[in-house]
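Fold and contact review
Next come the chains, spelled out residue by residue.
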Amino acid sequence: MDLTRRTMIRGMAAQAAMLMAARLVPGVRFSAIAEARPAALQWKKAPCRFCGTGCGVLVGIEGGRAVAVKGDPDSPVNRGLLCVKGYHVVQALYGEDRLQKALVRRDGKFVEVPIQEALDLVASKMKESIEQRGKDSVAVYGSGQWTIPDGYVASKLVKGCIGTNNLEANARLCMASAVTGFLSSFGLDEPMGCYQDIDHGDTFVLWGNNMAEMHPVLFSRILERKQADPRVRIIDLATRSTRTSLAADRSMLFNPQTDLAIANAICQELIAQDRIDQGFMERFVSIHRGKTDIGYGLEDGFSFSDEATPASFEELVEFLADYTPEAVAELSGISAKDIRYLASLYGDPNRNVVSFWCMGVNQHTRGTWMNNLIYNIHLLVGKISRPGNSPFSLTGQPSACGTVREVGTLTHKLPKGVVMNEEHRQKAADIWQVPVENIQPKPTYHTVEMFRALDRGDITFLWVQVTNPMVTMPKLGRYRSGAEKEGRFLVVSDVYPTPTTDVADVVLPSAMWIEREGFYGNSERRTQHFEQMLEPPGEAMSDTWQLIEVARRLGYEKQFPWSEEEHIESIWNEYRRFHAGPKHEMATYEMLRERPGVMWPCPDGKETLWRYNATYDPACEQGPFDFYGKPDHRAWLWLRPYEVPPEVPDDDYPFWLDTGRVLEHWHTGSMTRRVPILHRAMPKAYAELHPDDAARLGVRHGQRVRLTSRRGALELEASVGGRGNPSPGQVFVPFFDEGFLINELTLDAFCPISKQPDYKKCAVRVEKV
């Protein structure tokens, strides 16, 4: 039996064991149990609440409760399969400490108040801050877990009505580099391909992407593809060995930050071996050079703007001369032979290649560059916008694409375009029925700078919805203490108590997922509708309606005229107006209610599976490939060099620290840690060490170690010989456990183009306790 088959069987056995264990959890039954009483259940469709894959689930409703769940066989995303989190998703609704009443802090303690009274207070504090310190003293910080209506209403209120660009979302921390990568290379955001690329691909290169644990359903589709075709190859490019490495045909571990050099070396080798598609390059690609030595954003008020300069193919060859496989092997730790092997896979005209990546590429001080460089490889060989040939950035939240990227809940964005563009501002003003002067032409604070502004006192009112920044912010100590300073007013909308609600002045209980109607948008441009199936507990209210209630208290009844019963359809129909046209046409409300998601562009009711390819994309106007997002209708290949990170190991702090997620938990664990079976499977965070490092330190599995960086220290148990294995000189810590706040150690450096922080690289000391 081959390794892939054994890995699949182990994974299925582990999942079966978890489902069997779930039978012992009171209050919620799962599909295997619910099938015994199918007549008693009403099954309804929804996209899963976790991750950006967008798996379809069937929720079994009985007696006003969600009591069962199974994969939706009609969903083209997951075809009936779910991961272990998906099989337990409805349990996240029923934690014992679910927030049901509004809380207001009085004399240092929370007291319950009617939610309408709490909303009165939120509106009055917002007004007070604007009157005393100006409109840029208030801010809203949302999430890739916001539904599309949530984000749209927030954008309309903050940018259109109040007139500040102080709107950000936590997707800045996870997907901003993907956005700037797409925009700088193609002029438009989001992938050109779709999940069907897996069915057509025969080579899958995973760039710092532990798909087996972070996107297990998509990875299962890759394994299924491999079982069907022995030519399929899976390549794991990473800084630590994971379950993905076990299933890969080849795992290549590189030194942190050197993925930049590896990508350039692949390009150098493709050109040196005459493996490029010269015709595609000449007709559909232009070459550009950007600024270098661009900084790391470590100081308050850091500002950077890139500048594109045209370059020739000869200049590209000259630029790549420093990146021979031998030179990069010495830097990266990957052999020259392996680099040449990677180039041979990309350059083989008889192979279809899909590149997948997520946080490993995006949470990077040169994240935009890394996105550009992966596109460069695909452009050189013409393997793009064709079935099975796709560079594909995956997302980690259910609507990081649909809400943050498409609605535009970032400081510089609008639902269509950017605030810096007068035409885009006018379009928004017309649809929102506000004076165009209300919409400010200059972005204000990206996420890191927003929390720096809160610390400084430039922002005095902050409303946080559907996210947990007092766990997720890098260099957390500064930003937590900033939120607690005198003169700050913090409102938090959430479903459970978190370290962020702990420091709030007002806590608003939110309706969760199927307790309200909404839309998500997943990684493959698929918009997914879900209906309200349950009543929210107590006085919990959807985030959309919370925002509307406050907007009306601020005097904006004209802009928010909708009834609570019909507001979602009205909001969707208004939002669609921004994207009318073949390049981004959104499906109708009726179509979305009928189908398990619809991919945009959807002109004339027909999905576009592969963008920029005239065979599939009606927006193409020129030739077989038309990269119409750019003014020259060409994709841009960028010259992007290797540059060192801002902090590297030294004698005092000799280890690299890498942070990330685990299979069982999602992000900060505020929902999944309240699912008993998931919590029992992974009850606490740990420090993952290489066996050689552990032996040198005298540390055995389960013993406590102290991690210390220049910003803080943390003690937790060591994991040696567990499911993951970092390279020597590295330590990995997941961030799901609020009892071990690893982000007190991380550095708030970010990509100067995307403003996305790097959670994967800082220097720490490791000591046995």
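Predicted model, so just to flag it, every value in this text is computed and none were measured. (Residues numbered from 1 in each chain as written. Predicted model: local features only at pLDDT ≥ 70, side-chain atom pairs only at ≥ 80, totals over all residues. Heavy atoms only, no water.)

**Let's talk about the overall build of the protein chain**
Tallying secondary structure elements over the protein chain gives 27 helices and 29 strands in all. Relative to a compact globule of 769 residues, whose C-alpha radius of gyration would be 27 Å, the protein chain shows 25 Å and is just as compact. Structurally, the protein chain occupies a C-alpha span of about 70 × 60 × 60 Å along its principal axes. Of all 769 residues assigned to the protein chain, the portion counted as buried reaches 65%. Working note: accessible area of the protein chain is about 26,000 Å², and carbon and sulfur atoms make up 48% of it. Positive and negative side-chain charges in the protein chain, numbering 89 and 98 respectively, have mean positions lying 3 Å apart. (Helix = DSSP H or I, 4+ residues; strand = E, 2+ residues; numbered from the N terminus. Rg over C-alpha atoms; globule rule 2.2 N^0.38 Å. Buried < 20%, exposed > 50% of the residue type's maximum accessible area, 1.4 Å probe, protein only. Areas by Shrake-Rupley, 256 points an atom, 1.4 Å probe, with all protein chains shown as cover. Lys, Arg positive; Asp, Glu negative; His and termini not counted. Charge placed at Lys NZ, Arg CZ, Asp CG, Glu CD.)

**Focus: the sheet that holds strand S7 (residues 167-169)**
Spatial ordering of the open sheet is given by S5-S4-S18-S17-S16-S6-S7, a layout of seven strands whose pairing is mixed. Both outer strands of the open sheet, strand S5 (109-113) and S7, are each paired with one neighbouring strand and no more. Each strand of the sheet is rotated relative to its neighbour by a mean of 20°, with strand direction disregarded. Examined bridge by bridge, strand S16 (residues 461-465) and strand S17 (residues 489-494) share five bridges and lie parallel to one another. In the strand pairing of S17, Phe461 is matched with Phe489. Relative to the sheet, helix H3 (residues 115-133) contacts strand S4 (102-106), S5, strand S6 (138-142), S16, S17 and strand S18 (506-509), its axis offset from that of S18 by approximately 135°. (Pairing = 2+ DSSP bridges. Axes fitted to C-alpha atoms, helices over the stretch in contact; angles between N-to-C directions. Contact = heavy atoms within 4.5 Å.)

**Looking at the environment of Ala248**
By the secondary structure assignment, Ala248 is in the loop between helix H9 (243-247) and strand S11 (250-253). Separated by 106 residues in sequence, Ala248 and Val354 have C-alpha atoms that sit 14 Å apart. Sequence-distant contacts of Ala248, that is, excluding residues within four places in its chain, are made with Ile234 and Asp236.

**Here we look at the pattern of salt bridges**
One pass over the full model with this rule turns up 54 salt bridges. When the shortest N-O distance is used, the salt bridge between Glu449 and Arg452 registers 3.4 Å. With a gap of three residues between them, Glu449 and Arg452 both fall in helix H19 (residues 447-456), about one helical turn apart. On the basis of relative accessible area, Glu449 is assigned to the buried category, the value being 6%. Under the relative-accessibility criterion, Arg452 is labelled buried at 0%. Each of Asp300, Glu449, Arg452, Asp455, Arg456, Asp458, Arg478, Lys485 and Asp748 takes part in salt bridges that share partners, so that together they form one network. (Salt bridge = Lys/Arg side-chain N within 4 Å of Asp/Glu carboxyl O.)

**A short note on the nonpolar core**
In this structure, Phe186, Trp207, Ile266, Leu462 and Phe627 are the most contacted members of the largest nonpolar core, which totals 89 residues. Two domains each provide a minimum of three residues to this core, namely domain 2 (102-174 + 398-561) and domain 3 (179-293 + 309-394 + 629-639). Val57, Val69, Val495 and Trp513 belong to the second-largest nonpolar core, a separate cluster that totals 63 residues. (Core = buried A, V, L, I, M, F, W, Y, C linked by side-chain atoms within 4.5 Å. Domains from an automatic or database assignment.)

**A short note on the domain arrangement of the protein chain**
Domain parsing of the protein chain yields domain 1 (3-94), domain 2 (102-174 + 398-561), domain 3 (179-293 + 309-394 + 629-639) and domain 4 (655-746). For domain 2 versus domain 4, the distance between C-alpha centres works out to 31 Å. The interface of domain 2 with domain 4 comprises 16 residues on the first partner and 13 residues on the second. Counting the surface lost from both domain 2 and domain 4, the interface buries some 1,300 Å², and carbon and sulfur atoms represent 65% of this. The largest contributions to the domain 2 side of the interface with domain 4 come from Val471, Lys475 and Tyr496, which together make up 33% of the buried area. Here Arg480 makes a salt bridge to Glu744, at a shortest N to O gap of 2.8 Å. (Buried area = accessible area lost by both parts, 1.4 Å probe.)

**Digging into the pairing of strand S2 (residues 56-62)**
Among the seven residues that make up S2, six are buried, leaving the element largely enclosed by the rest of the structure. Here six bridges tie S2 to strand S3 (residues 65-71), and the two strands are oriented antiparallel to one another. By the bridge assignment for S3, Leu58 is matched with Lys70. Counting the residues that bridge the hairpin from S2 to S3 gives two residues, and of these Gly63 lies at a positive phi of roughly 60°.

**Points about the pairing of strand S12 (residues 285-289)**
In terms of burial, S12 is largely enclosed, as four of its five residues are buried. Summarising the sheet, S12 and strand S22 (residues 635-639) pair through five bridges and their orientation is parallel. Bridging from a neighbouring strand, Arg289 pairs with Leu639 of S22. Judged from the three bridges that link them, S12 and strand S13 (residues 309-311) form a sheet pairing that is antiparallel. Within S13, the position partnered with His288 by the bridge is Pro310.

**Section: the environment of Val436**
Mapped onto the secondary structure, Val436 falls in the loop between helix H18 (422-432) and H19. Accessibility expressed as a relative area gives 23% for Val436, which makes it partly exposed. Considering only alpha carbons, one finds Val436 and Glu423, 13 residues apart in sequence, at a separation of 10.0 Å. Here Val436 is in contact with Arg425, Gln426 and Ala429, once residues within four sequence places are set aside.

**Description of helix H4 (residues 148-162)**
Compared with the 21 Å implied by 1.5 Å per residue over 15 residues, the 20 Å span of H4 between its first and last C-alpha is a close match. For H4, the tally of buried residues reaches 15 of 15 residues, placing the bulk of the element in the interior. Immediately downstream of H4, the backbone of Gly163 shows phi near 90°, a positive value. (Expected span 1.5 Å × (residues − 1).)

**What to know about the packing of aromatic side chains**
Here the structure, examined in full by the defined rule, presents 30 aromatic pairs. Judged by centre distance (6.1 Å) and plane angle (10°), the ring pair of Phe461 and Phe489 falls under stacked. Of the two residues, Phe461 sits in strand S16 while Phe489 sits in strand S17, which places them 28 residues apart along the sequence. The structure contains a cluster of three or more aromatic residues connected by ring pairs, namely Phe182, Phe186, Phe280, Phe284, Trp357, Tyr375, Tyr612, Phe625, Phe627 and Tyr628. Over the face of the ring belonging to Phe732 we find Arg240, whose NZ or CZ atom lies 3.7 Å from the ring centre. Over the face of the ring belonging to Trp636 we find Lys630, whose NZ or CZ atom lies 3.7 Å from the ring centre. (Phe/Tyr/Trp six-rings, centres within 6.5 Å; stacked < 30°, edge-to-face > 60°. Lys NZ or Arg CZ within 6 Å of the ring centre and 35° of its normal.)

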